[in-house]
Amino acid sequence: MTTSRTSYVPPHLRNRPPSADPAPISHSGAAVGNGYLGYGGAPSAGFRSVGHRDGQIGGGGGAWNNRSNGWDRGMAREANPFGDDVDTDPGFGALENTGINFDAYDDIPVETSGINVPPPVNTFAEIDLGEALNLNIRRCKYTKPTPVQRYAIPISIGGRDLMACAQTGSGKTAAFCFPIISGIMKGGQSAASPARSPRIACPLALILAPTRELSIQIHEEAKKFAYQTGVRVVVAYGGAPVNMQLRELERGVHILVATPGRLVDLLERARVSLQMIRYLALDEADRMLDMGFEPQIRRIVQQMDMPPPGIRQTLLFSATFPKEIQRLATDFLSSYVFLAVGRVGSSTDLILQRVEYVHETDKRSHLMDLLHAQRASGDQGKQTLTLVFVETKKGADSLEHWLCFNGFPATTIHGDRTQQEREYALRSFKSGKTPILVATDVAARGLDIPHVAHVVNFDLPNDIDDYVHRIGRTGRAGKTGLATAFFNENNSSMAKPLAELMQEANQEVPAWLSHFAAQSSYGGRNRGGAGGRFGGRDFRRDPSANRGGMDMYGVGQMNGGYGGATNVASAWD
Ligand SMILES: Nc1ncnc2c1ncn2[C@@H]1O[C@H](COP(=O)(O)OP(=O)(O)OP(=O)(O)O)[C@@H](O)[C@H]1O
């Protein structure tokens, strides 16, 4: 990225007729349609105004698409993801989300950096998200935005690219879904109609996630948010029959949620085109851009037909964002805003963290002690779930058998299980039928499972970021949780980052761990950066980022289309 980049197109210019806008994609004139090449009715069809509540969609009247491949019929049939009486508007006042301590987030420091950062809001009502989406927000019982939502939604609605880092369980999914759904509803994101083939799906938004279960979860969430808005959300992930996913795509898609591997497959089969993409969101973005996924992501984003940065809007979200990944991510962004809620990579202090010294050979009996104590305390008769992380798939299977044998119903999720088994295991865990889930890192990121009261790191990971994500499966949405880690000499390289992380989250660090930390040299990934152990901020503020003539931060020089002076607002400074 250079300071002279001029490709950023502000939102108000994005909808100009092609003649007035030299951008390669035309965004006007044609209907939003169904996001499906060649299934178009008349270009003027536009979205149908959705019910009498929604004043947002329409702008052209008519149906979504009067030869709409059954879309309007489909909307009437749309399953109610809330399972309540959808005609009843619950109203914000009536919906205190019991058990959620919103105030827990109120004093979290927030940093934004970039040029002309749109200001945050305090309520959803302050943002023009559209009535249909607002109704769904109320149905979700979201009474007020979480900090990441307060900042990220106005930034995204303002058309800006965003790199957002906020703690686990703090509502990032809604933070990227709301602006995308609202933007599509507003109809400004109309699709041109290249009509190359009637069998190529052309989504307007792409949300990529690293695991199948996470993509399923985001799809379920997004469907709730998009209910009765006219925005259609489809999911595509590996391990499940592709034909069913193709059929769903054929029915039309505005927002495609996908795992990278399955998406590449669909692109190679020429069943999906990315040429209409207006929004690209990477959830768990640091994971998506690390060595495992980076080539696939580059392939999807840079080597297919997706519009470039500045034409599309790119939103990157995670709880952790190592500096080297931040740097790499700039390839995908244009004049972006960096947002950090809490220190980058920090854990929330809603999680009580304990580290116990346990020899390798004692781990099973120690786990048994914990589970017995948990059972005895009973947690007021409520069903509590325990998630146990282990290093290997084999280790997961063998621990599961042992737990079951000893009277603790458990199941397991890891990469050697079939997708059907994985989904069954997750359902069985969520429902409390098997209240213990033994998992590898496949369950470490993003999964939002209510009632996970305890996360046990039976085997500690080698990277502190992985630890942050793992323990983040508890202590979500303002609720408290417990995380216990078993530590021994094999984990020496984790001593220092673990002790630092715990200290930062106001946790009690055992003296023996401090001793280990003092002795060991930190062998893990270096997260250090400007102004903090954990590189807790925008890497563009690190003087080394500007070496070699690249002015990454562009102090007063970044001309990203918004112009004006650099604006850094930081509650940490
Ligand atoms: N404004 C809100 N009010 C109440 N609950 C909310 C709000 N926003 C999100 N939630 C709930 O908070 C929980 C956590 O949200 P989400 O899964 O998006 O977290 P996240 O930040 O993506 O976490 P992770 O880093 O683990 O992926 C979900 O159950 C979600 O429904």
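Refer to the structure above for everything that follows.
As a starting point, this report considers the structure included with it. Computed from a prediction, not measured in an experiment: that's the story for all the values here.

1. What about the pattern of salt bridges?
- Scanning the model with the defined rule gives 23 salt bridges in all.
- Of the charged contacts, one joins Asp416 and Lys393 as a salt bridge, the two residues approaching to 3.4 Å between their closest N and O atoms. One end of the pair, Asp416, is in the loop between strand S11 (410–413) and helix H14 (419–431); the other, Lys393, is in helix H13 (residues 393–405), and 23 residues separate them in sequence.
- With relative accessibility at 57%, the residue Asp416 sits in the exposed group.
- Of the charged contacts in the structure, one is a salt bridge between Glu500 and Lys496, with a shortest N-O distance of 4.0 Å. You can see Glu500 and its partner Lys496 sitting in helix H16 (residues 495–504), four residues apart, about one turn around the helix.
- For Glu500, a relative accessible area of 19% translates into the label buried.
- You can call Lys496 partly exposed: its relative accessible area is 34%.
- Overlapping salt bridges, with partners in common, bring together Arg199, Glu250 and Arg271 in one network.

2. Structural notes on the site of the ligand
- Around the ligand, the surrounding shell holds 23 residues, and the nearest of these are Tyr142, Lys172, Thr173, Asp448 and Arg476.
- Contact between the ligand and Gln149: a nitrogen atom at 2.8 Å from a side-chain N or O atom of the residue.
- Within the side chain of Glu284, a nitrogen or oxygen atom sits 3.3 Å from an oxygen atom of the ligand.
- Calculation on the ligand without its partners gives an accessible area of 640 Å², and the protein chains cover 92% of this total.
- Split by residue class, the shell around the ligand holds six nonpolar, ten polar and seven charged.

3. Points about the sheet that holds strand S10 (residues 385–389)
- Pairing within the open sheet is parallel, and its six strands lie in the order S9-S14-S13-S10-S12-S11. The open sheet terminates on both sides in strands that have one partner only, identified here as strand S9 (351–357) and S11. On average, each strand axis in the sheet is inclined to that of its neighbour by 20°, with strand direction left out of account.
- The strands touched by H14 are S10, S11, strand S12 (436–439) and strand S13 (452–457); relative to S11, the strand with the most contacts, the crossing angle is about 140°.

4. Brief notes about the packing of aromatic side chains
- Counted by the stated rule, this structure contains twelve aromatic pairs.
- Centre to centre, the rings of Phe124 and Phe178 are 5.8 Å apart; their planes meet at 65°, and the pair counts as edge-to-face. Pair noted here: Phe124 is in the loop between strand S1 (110–115) and helix H3 (131–139) and Phe178 is in helix H5 (residues 172–185), with a separation of 54 residues, a long-range link.
- What makes Phe178 buried here is its relative accessible area of 0%.
- Both rings, one in Phe458 and one in Phe486, keep their centres 5.8 Å apart while their planes meet at 50°; by these two values the pair is tilted. Here the residue Phe458 occupies a position in the loop between S13 and helix H15 (464–471), and Phe486 occupies one in strand S14 (residues 481–487), the gap between them amounting to 28 residues. Neither residue differs from the other here; Phe458 and Phe486 are each classed as buried.
- Taken together, the ring pairs connect Phe124, Tyr142, Phe178 and Phe225 into an aromatic cluster.
- Taking NZ or CZ as reference, Arg375 lies 4.0 Å from the ring centre of Phe408, over its face.

Conventions used here
Residues numbered from 1 in each chain as written. Predicted model: local features only at pLDDT ≥ 70, side-chain atom pairs only at ≥ 80, totals over all residues. Heavy atoms only, no water. Salt bridge = Lys/Arg side-chain N within 4 Å of Asp/Glu carboxyl O. Helix = DSSP H or I, 4+ residues; strand = E, 2+ residues; numbered from the N terminus. Buried < 20%, exposed > 50% of the residue type's maximum accessible area, 1.4 Å probe, protein only. Near = heavy atom within 4 Å. Polar contact = N/O pair within 3.5 Å; in protein donor to acceptor, adjacent residues only side chain to side chain. Areas by Shrake-Rupley, 256 points an atom, 1.4 Å probe, with all protein chains shown as cover. Nonpolar A, V, L, I, M, F, W, Y, C, P; charged D, E, K, R; others polar. Pairing = 2+ DSSP bridges. Axes fitted to C-alpha atoms, helices over the stretch in contact; angles between N-to-C directions. Contact = heavy atoms within 4.5 Å. Phe/Tyr/Trp six-rings, centres within 6.5 Å; stacked < 30°, edge-to-face > 60°. Lys NZ or Arg CZ within 6 Å of the ring centre and 35° of its normal.

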